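# Overview (structure and organization)
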Amino acid sequence: MTSTKLFRVPFHLPEFGHLQDGPFIQDGMEYVLRVASDENTATALRSARTFKVLRDPDDPEEVLGRSEGFAIVRLSGWGAKAVRAFAQEIERIPQVVAAIPAFRDASGRSRMVVPGELVARFRANEVSNATAAELGRRGATVVGPSAGGVFRLRLAPDTPLTPVFALEKDRPDIDFIDVVEIGELLPASGAFPPQPSVPAAAAETTPLIPRFIFRKEYQMLLLGDTEDEVSLNEFRQRLQQMASDEDLTILSRTDSLSEDKTVFVRVEDEAESATVVERIRAVPAVEDVFPGLQDSVDGVIRFADLRFVVVGLRDDPAAADWDVFGASHGLTLLQLDASLAFAVFEIGLNSDLQGILESLRNDERVRFAEPAYVSDDEDDVTGENVIHDPPDSGLWNHQAINLQTAWNTTKGAGVVVAVVDTLAKLDHPGLQEALFVIDDHLNFSGRNRIKDHGTHVMGIIGGRLSAPDVTLGVAPAARILAIAINTTMGSYPNRATALCFLADVANAKRLRIPESGIDLPVERLVVNCSWATTGDVFVIRDAIRRLVAAGALVCCSAGNDGRDAEGRHFPSDYDGVVCVAATDRVNRKLNVSNFGAKISFCAPGGDGDPLDEGDIFSLLAETSAGYLYGTSMASPHAAAVAALAWSLLPHRSATEIVEILRTTAKSIDSDQAIPTLQGQLGSGLIDAGAAVVRALEINPP
């Protein structure tokens with residue numbers, strides 16, 4: 001669970017009006033630690049595993065000697081997992097009072113902002129009573145007086161920042177509202193002005209085009225499928241041979257090359273990125289290198305293949321001449337999605353990516369355009385399975401959602417549940433009765449290996465064990481359509497192709513694979529997505545839009561960051577999807593589960609480490625079955641319950657089925673020990689029995 005010492009900005013970046021549209025972007029790696037004076041402070045900080053101390057702003061040599069001071073630190077990793085590990089470690093260091101994130105402005109200058117404070121300039125050098133009262137209603141107290149009409153604003157805990165920044169436009173006597181930097185008394189007269197907002201009507205017609213800053217600090221390497229027996233340590237040594245010229249820090253998500261064949265590299269000096277990339281490419285076993293791009297809007301760091309751009313058009317894509325369109329921007333058509341939803345264009349290694357995107361921004365035919373991003377280990381699951389026997393007391397997750405009552409009437413026949421997930425063990429004995437079809441054309445993962453994740457998710461929907469005889473699936477009579485993607489190191493355009501394929505299935509109400517001669521009816525399609533993307537990826541956003549518009553019921557895991565994820569977790573935050581949080585066996589929020597206003601409802605997800613009978617028991621790829629936990633396990637529960645209700649209401653829409661699940665869910669606000677979670681878990685815990693009863697009331701047998 002996220003540490004209470006962490007300042008909220010890293011997890012609530014869009015709440016900063018100034019940070020949302022510039023001029024700031026989140027650094028993502030550097031933090032300022034506010035530390036208390038203690039003789040053990042320096043030792044505690046310098047022995048930390050999740051970060052290293054760069055300097056103390058007041059005393060570069062020592063982090064000692066004051067009643068309270070600051071130390072600048074850099075995380076040893078990046079992304080949500082690295083921040084969670086960092087939060088857990090500083091929670092155990094009593095000398096750390098708070099952790100404050102660093103931000104960079106458009107020029108690359110780092111700014112460390114003070115938590116809980118803003119600054120405002122008032123045109124008449126004073127605050128009117130009406131403005132002071134309005135600030136108070138929005139959680140800000142004026143602290144003053146101050147010279148030049150500049151005052152401090154102190155914020156109440158958990159104050160939303162957007163309404164406070166909105167007063168720049170709402171109150172004529174306010175010149176600007178800005179963040180407060182550590183080490184600065186007040187901003188100078190040239191403080192950044194508020195950024196102009198895009199009117200809602202204009203936003204619908206403005207192409208989705210990212211703005212970003214190249215990150216010299218990060219590179220991603222993909223190791224090819226090779227029989228080379230080079231160990232990870234030996235591979236690191238080869239890279240470190242380069243470090244005499246470039247100061248490289250080698251990070252890795254895995255302990256061996258056989259896992260996901262991915263290594264992360266941080267460049268800490270001012271070496272030209274192109275030079276570093278070429279030298280890394282020369283290392284044996286390196287297939288490719290993907291530089292990091294930091295989004296100037298949300299601060300998210302993504303990795304991209306800079307040789308390509310992905311473009312979607314606004315008008316009828318079937319009528320478009322994609323070759324001519326590409327040529328008008330100097331692009332070469334490389335790949336056209338089968339549904340014509342988007343195209344991948346080649347731009348060449350040395351092309352001006354920013355310039356090309358700006359050209360596309362001014363083309364009224366463009367719906368979206370972005371670099372060809374690659375994914376970054378995005379399963380919304382955690383835990384390493386170690387237990388293989390079913391629980392003696394039965395499956396608590398089935399009991400929690402009142403499943404037996406539903407099974408007295410239906411087990412989901414007539415509904416197809418597409419599981420868009422990692423490559424699963426499709427020959428698993430526990431899946432043979434559940435799979436709709438098995439076909440190689442449903443594998444959109446590229447090079448990928450069979451994993452537990454997709455197998456476990458499918459087992460929750462329709463799996464079973466024969467010895468002992470245990471029905472694991474919530475909707476065992478529904479049929480599972482296995483759609484394989486790569487969540488570890490896959491191409492986002494490939495993932496979007498899988499989603500657009502399903503949109504075509506939902507539109508046609510048929511599964512057609514001409515190459516295999518498959519043509520089967522699919523009257524009702526539920527789609528489960530137990531994964532995340534690294535921020536808002538436009539090609540995925542558009543694919544989800546198409547899928548929802550086609551009438552599919554889309555369930556997405558809410559994410560395992562332990563935070564209010566609204567606007568920060570995708571695809572669960574996209575319009576029209578069901579966002580599912582996770583609960584434990586006593587109906588409280590799973591500690592790592594996200595929460596917030598976007599949650600539709602909750603479903604069982606386990607109780608976390610250590611893995612035991614409090615977690616979710618389902619099929620696994622490497623062993624017969626076992627336990628995992630996370631919101632990845634909650635989402636397929638909801639997808640399966642939707643299948644149960646929809647099996648009784650074949651002529652109802654996906655929206656109507658979701659409303660049945662929402663209105664029949666059991667409120668669990670009273671079961672939460674944390675008051676701030678009240679109203680943040682959707683309508684509560686899904687109730688399969690109540691949903692089926694409601695369906696029978698609508699359509700009696």
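Residue positions within a chain follow its written sequence, with the count starting from 1. Two thresholds apply to this predicted model, a pLDDT of at least 70 for residue-level local features and 80 or more for giving and counting side-chain atom pairs, whereas whole-chain, interface and lining totals are computed over all residues. The basis for every side-chain value is the complete set of heavy atoms in the structure, and neither hydrogens nor water enter the calculation.

## Considering the packing of aromatic side chains
Classification of ring pairs uses Phe, Tyr and Trp, with its six-membered ring standing for Trp, and accepts pairs whose centres are within 6.5 Å; under 30 degrees between planes counts as stacked, over 60 as edge-to-face, and the remaining range as tilted. Enumeration according to the criterion identifies six aromatic pairs in this entry. Pairing Phe-570 with Tyr-574 gives two aromatic rings, centres 5.0 Å apart and planes at 35°, and the pair type is tilted. For the residue pair Phe-570 and Tyr-574, the accessibility class agrees, reading buried in each case. Charge-over-ring placement is defined geometrically: NZ (Lys) or CZ (Arg) within 6 Å of the ring centre, and within 35 degrees of the ring normal. For the cation-ring pair, Arg-302 lies above Tyr-373, with the distance from its terminal atom to the ring centre recorded as 5.3 Å. For Arg-495, the ring lying beneath its charged end belongs to Trp-531, and the centroid distance is 4.7 Å. Burial here depends on accessible area, computed with a 1.4 Å probe over protein chains only, as a share of the maximum for the residue type. Under 20% is buried, over 50% is exposed, and the range in between is partly exposed.

## Notes on the pattern of salt bridges
Side-chain pairing between opposite charges can occur once the charged atoms of the two side chains come close. Each salt bridge in this description consists of a side-chain nitrogen of Lys or Arg and a carboxyl oxygen of Asp or Glu lying within 4 Å of one another. One pass over the full model with this rule turns up 20 salt bridges. Arg-365 is the partner of Asp-363 in a salt bridge, and the nearest nitrogen-oxygen pair spans 2.7 Å. Residue Asp-363 is classed as buried on the basis of its relative accessible area, which comes to 10%. One salt bridge connects Asp-575 with Lys-598, and the closest N-O pair in it is separated by 3.8 Å. Here Asp-575 is found in the loop between strand 24 (553-557) and strand 25 (578-583), whereas its partner Lys-598 is found in the loop between strand 25 and strand 26 (601-604), with 23 residues between them in sequence. Connected via shared salt-bridge partners are Arg-367, Asp-542, Arg-545 and Arg-546. Helix and strand assignments follow DSSP, with helices taken as H or I runs no shorter than four residues and strands as E runs no shorter than two, numbered in order from the N terminus.

## Re the side chain of Thr-583
Residue placement: Thr-583 occurs in strand 25. You can call Thr-583 buried: its relative accessible area is 0%. The criterion used for residue contact is that any of the two residues' heavy atoms lie within 4.5 Å. Aside from chain neighbours lying at most four places away, what touches Thr-583 is Trp-396, Arg-588, Lys-589, Leu-590, Cys-602, Ala-603, Pro-604, Gly-605, Gly-606, Ile-668 and Leu-685.

## Digging into unusual backbone geometry
Here the amide bond leading from Phe-570 into Pro-571 is cis, since omega sits at 10°, within 30 degrees of zero. Mapped onto the elements of the fold, Pro-571 is located in the loop between strand 24 and strand 25. One non-glycine residue, Leu-340, adopts positive backbone phi at about 65°. Relative to the assigned elements, Leu-340 resides in the loop between strand 14 (332-336) and strand 15 (343-346). Relative accessible area serves as the criterion here: at 23%, Leu-340 is assigned to the partly exposed category. One non-glycine residue, Asn-587, lies in positive phi territory at about 65°. For Asn-587, the location among the structural elements is in the loop between strand 25 and strand 26.

## As for the environment of Ile-698
Residue placement: Ile-698 occurs in helix 19 (residues 688-698). Judged by relative accessible area, which is 35%, Ile-698 ranks as partly exposed. Taking the C-alpha atoms as reference points, Ile-698 and Leu-649, separated by 49 residues in sequence, lie 8.1 Å from one another. Leaving out residues up to four positions away in the same chain, Ile-698 has contacts with Leu-649, Arg-652 and Ile-660.

## Notes on the pairing of strand 27 (residues 616-619)
Within a regular strand, the side chains alternate between the two sheet faces. As defined by bridge partners, strand 27 adjoins strand 28 (residues 625-628) across four bridges and the pair is classed as antiparallel. Directly across from Ile-616, in strand 28, lies its bridge partner Leu-628. Note: two strands are recorded as paired if DSSP finds a minimum of 2 bridges between them.

## A look at the sheet that holds strand 23 (residues 525-529)
Spatially, six strands are ordered 20-17-23-24-25-26 in an open sheet, and the strand pairing comes out parallel. Two strands bound the open sheet, and with one partner strand each, they are strand 20 (479-484) and strand 26. For this sheet, the mean angle separating the axes of adjacent strands, direction not counted, is 30°. Two elements, strand 17 (residues 416-421) and strand 20, share six bridges in a ladder whose sense is parallel. Looking at the pairing, Val-416 lines up with Arg-479 of strand 20. Contacts between helix 17 (residues 631-648) and the sheet are confined to strand 17, strand 23, strand 24, strand 25 and strand 26, with strand 24 contributing the most and set at about 160° to the helix. Convention adopted: a line fitted to C-alpha atoms gives each axis, helices being fitted over their contacting stretch, and angles between N-to-C directions are expressed from 0 to 180 degrees.

## Observations regarding the confidence of the model for the chain
Chain-level pLDDT for the chain is 80 on average; 75% of the residues reach the 70-or-more range. The model gives residues 57-67 a pLDDT under 50, and that stretch makes 27 contacts with residues more than four places away or in other chains. As a per-residue measure, pLDDT tells how confident the predictor is, with possible values from 0 to 100.

## Let's talk about helix 18 (residues 654-664)
All of the buried residues in helix 18 are Ala-654, Ile-657, Ile-660, Leu-661 and Thr-664. The buried residues of helix 18 occupy an angular sector of 120° when the element is viewed end-on, so they sit on one face. Of the surrounding elements, those touching the buried residues of helix 18 are strand 24, strand 26, helix 17 and helix 19. Taken from the helix axis, the directions to the C-beta atoms give the arc we talk about.

## Regarding the environment of Ala-532
With respect to the helices, strands and loops of the structure, Ala-532 is situated in the loop between strand 23 and helix 16 (538-549). Note on Ala-532: relative accessible area 10%, which makes it buried.

## Structural notes on the nonpolar core
Among the buried residues, those of types Ala, Val, Leu, Ile, Met, Phe, Trp, Tyr and Cys that are joined through side-chain atoms within 4.5 Å form a nonpolar core. Formed by 69 residues in total, the largest nonpolar core has its most connected members in Ile-483, Leu-502, Leu-525, Val-527 and Ile-540. If one sorts the elements of this core by residue count, helix 15 (residues 492-508) sits on top with ten residues. Ranked by size, the runner-up nonpolar core spans 67 residues in total, among them Ala-434, Leu-472, Ala-482 and Val-580.

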